[in-house]
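Report on the structure
Chain residues, written in single-letter form:
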Amino acid sequence: MTALDVPRPLWTADAVATATGGRAVGRPWQAGGVSIDSRSLKPGELFVALKGPTFDGHDFAAAALRAGAAAALVARRPDGLPADAPLAVVDDTFEGLQALGRFARLHCAAPIVGVTGSVGKTGTKEALIRCLAAQGKTFGTTGSLNNHWGVPLSLARLPHDVDYGVFELGMNHAGEIAALTRQVRPDVAVITTVEAVHLEHFASIEGIADAKAEIFEGMMPNGTAILNADNAHIARLTAHAERQGLTRIWRFGAAPDADARLIDCSLHATCSAVTAVIKRERLQFCIALPGKHWVMNSLAVLLAVHAAGADMATAARALATLQPVKGRGTRQRISLRQGSFTLIDESYNASPVAMAAAFSVLGKLDPGAGGRRIAVLGDMLELGADADAFHAGLWEPLRAAEVDQVFCCGPRMRALFERVPHDRRGGYADDSRALAPAVAASVQGGDVVMVKGSLGSRMARVVQALLALDEAGGAGGAGGSGVVPLRARAAG
């Protein structure tokens, strides 16, 4: 490797000092990345010692340096360090992390896309990364680093020489996106949709729309807003964008005046075929992920690609290579002693609209011989005073999807379980730990099993119990205590 082949470091000691107003001490250093977790830190990264409500990253700085950290960003000298330990000393490490993010954004000339929305923002972000990476060096938010720590961390990881950047912005309270968008300063802002999510923290869905529209506050007037033309709050979002001085407001959906207009789509169990007219260009493409929600969000993706100056046809081809994100629709075939079943892992999040979309996908899947469509559902959180009604209302999309058996856990899901006909009840438990063995004991060859709930419902426990059937050669568990006895569905 020649000197010209050596990658330029992401951060040097001098650059960190300049960005944060701090000072570098100890031996010279340079970093190829940034981390806030000593457990997942990679050698050569800068460790930022954040202080949270239940931890202090300074307590882990010595371990981070022993693990190969290039240096540590600290507000005080941690214990157990050698005299020449490489440090960047600042007054406040969280403010220091934000300063790194602002500095990185200032020195990046690439078009930046910001993505938010009540549902679909992570999948849309991942699709954008895939579509833009087919055309140039692209940086994007990893996982769901979309909050007050994740966004500045992602910005601090932003190389100066990328061709495109994609950032996810999340919230569950008013004012949170406003703070994030002023750091990201997106050139293109996508709002996938506005739905009844996080209602516990808002007086109305209109309040949620207002909070999502905060993304426009970090934009320059020549930026592009991309909005869902079919959403009930399109006029409200448009007004917000106009008040921020935006004149390029593009819409996607089935509406006849949409800038990205759906002409036709064919929904299949594993993919969708789409015909659309996007900015007067007719495109036909395949999305490698199933569901009408993916069809609609693909239109937003292609509009954002166009707004970022990339080629839509190339991006459309990349949509055929999409892969589901862990916990958001990944599928796995699980072998049993007699036959096998399909597991769909939707355990990362849930809301009424996301549940309905997932059930629609489940309804497209045909079980094997003797198999059933099974939904295993945990509480949807942060829905406020109407939570029971939202949960009970899930029965209609479940019935429409011809789901054969429903398992539920959590206090809110009891409202749904009581609506499920007796011959379709799988079982109910207070929590996922109690429900998991009952589900594992029930599955049989040919089944298609979807597991979904809010992250706080810990439905990943059920996923792990089902995965363990494959690892154990199909030895299912016994029904746990506190589970309503299973009722077999009548034949026919």
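Shown above is the structure to which this text applies.
First things first, this report covers the structure right here in the doc. Bear in mind that the values here come from a model prediction, so they are computed numbers and not experimental data.

Let's talk about the packing of aromatic side chains
One pair of aromatic rings is described through two measures. These are the centre distance and the angle between the planes. The final tally for this structure, using the stated rule, is 4 aromatic pairs. Between the aromatic rings of Phe 55 and Trp 149, the centroid separation amounts to 5.8 Å while the plane-to-plane angle is 75°, which identifies the pairing as edge-to-face. Placement of the pair is Phe 55 in the loop between strand S5 (45–48) and helix H2 (61–66) and Trp 149 in the loop between strand S9 (138–140) and helix H5 (150–156), with a sequence separation of 94 residues. Classification of Phe 55 as partly exposed rests on a relative accessible area of 32%. For Trp 149, a relative accessible area of 23% translates into the label partly exposed. Seen in terms of ring centroids, Phe 139 and Phe 167 are 5.8 Å apart; in terms of plane orientation they differ by 45°. Their pairing is tilted. Remark: Phe 167 occurs in strand S10 (residues 164–168) and Phe 139 occurs in strand S9; sequence separation between them is 28 residues. In this structure Phe 167 comes out as buried when scored by relative accessible area, which is 1%.

Re unusual backbone geometry
The backbone of Lys 279 sits at a positive phi, close to 50°, despite the residue not being glycine. Along the chain, the position of Lys 279 falls in the loop between strand S15 (272–278) and strand S16 (281–287). A residue is classified by how much of its surface remains accessible, and Lys 279, at 26% relative accessible area, is partly exposed. We note that Glu 402 has phi near 55°; this positive angle belongs to a residue other than glycine. Counting through the fold element by element, Glu 402 comes out in the loop between helix H13 (395–400) and strand S20 (405–409).

As for the sheet that holds strand S22 (residues 448–452)
Strand order across the open sheet formed by 6 strands is S17-S18-S22-S19-S20-S21, with mixed pairing between neighbours. At either end of the open sheet lies a strand with only one pairing partner, and these are strand S17 (330–335) and strand S21 (425–429). Across the sheet, the mean angle from the axis of one strand to that of its neighbour is 15°, orientation sign disregarded. By the bridge criterion, 4 bridges tie S20 to S21 in an arrangement that is parallel. Looking at S21, one finds that Cys 409 is bridged to Ala 429. Across the sheet, helix H15 (residues 432–442) lies against strand S19 (373–378), S20 and S21, angled at about 160° from S20, the strand it touches most.

The rules behind these values
- Residues numbered from 1 in each chain as written.
- Predicted model: local features only at pLDDT ≥ 70, side-chain atom pairs only at ≥ 80, totals over all residues.
- Heavy atoms only, no water.
- Phe/Tyr/Trp six-rings, centres within 6.5 Å; stacked < 30°, edge-to-face > 60°.
- Helix = DSSP H or I, 4+ residues; strand = E, 2+ residues; numbered from the N terminus.
- Buried < 20%, exposed > 50% of the residue type's maximum accessible area, 1.4 Å probe, protein only.
- Pairing = 2+ DSSP bridges.
- Axes fitted to C-alpha atoms, helices over the stretch in contact; angles between N-to-C directions.
- Contact = heavy atoms within 4.5 Å.

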